[in-house]
Amino acid sequence: MFKHTDTKLSPWYVVNSDDKKRAHLNCITHLLSLIPFKDLTPPEINLPARQEDIGYVCPLITDQTFIREIY
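From a predicted model like this one, the values you see are computed outputs, not experimental measurements.

## Remarks on the overall build of the chain
Along its length, the chain carries 2 helices and 0 strands. Against the globule reference of 11 Å for 71 residues, the chain gives a C-alpha radius of gyration of 26 Å, more extended than a compact globule. With respect to the three principal axes, the spread of C-alpha positions in the chain is 75 × 40 × 20 Å. As displayed, the chain has an accessible area near 8400 Å², and 61% of this comes from carbon and sulfur atoms.

Below is the structure:
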């Protein structure tokens, strides 16, 4: 099958998977190397001075809606 379907237009890639952890990392590295990307580091942000404390009061816990803890 490989002999007839592995072409330059649509190549097959084989991952040596004797060590599963390394196989996963090698596969991820290979896939990411195929994606062109550019540096998206955002420019530095200049923040204004902090506002003065105006006496914020946190709402009561009984008035808040929490998500269910699964873990």
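## Some words on a nonpolar patch on the surface
Where nonpolar side chains cluster on the molecular surface, the patch consists of Tyr-13, Ile-28, Leu-31, Leu-32, Leu-34 and Ile-35 and spans about 620 Å² of accessible area. Relative to the helices and strands, Leu-32 is located in helix α2 (residues 20–33).

Criteria and thresholds
Residues numbered from 1 in each chain as written. Predicted model: local features only at pLDDT ≥ 70, side-chain atom pairs only at ≥ 80, totals over all residues. Heavy atoms only, no water. Helix = DSSP H or I, 4+ residues; strand = E, 2+ residues; numbered from the N terminus. Rg over C-alpha atoms; globule rule 2.2 N^0.38 Å. Areas by Shrake-Rupley, 256 points an atom, 1.4 Å probe, with all protein chains shown as cover. Patch = residues over 30% accessible without salt bridge, like charges linked within 9 Å, V, L, I, M, F, W, Y side chains within 5 Å. Salt bridge = Lys/Arg side-chain N within 4 Å of Asp/Glu carboxyl O.

So, to be careful, I would describe these as geometric facts and stop short of saying anything about function.
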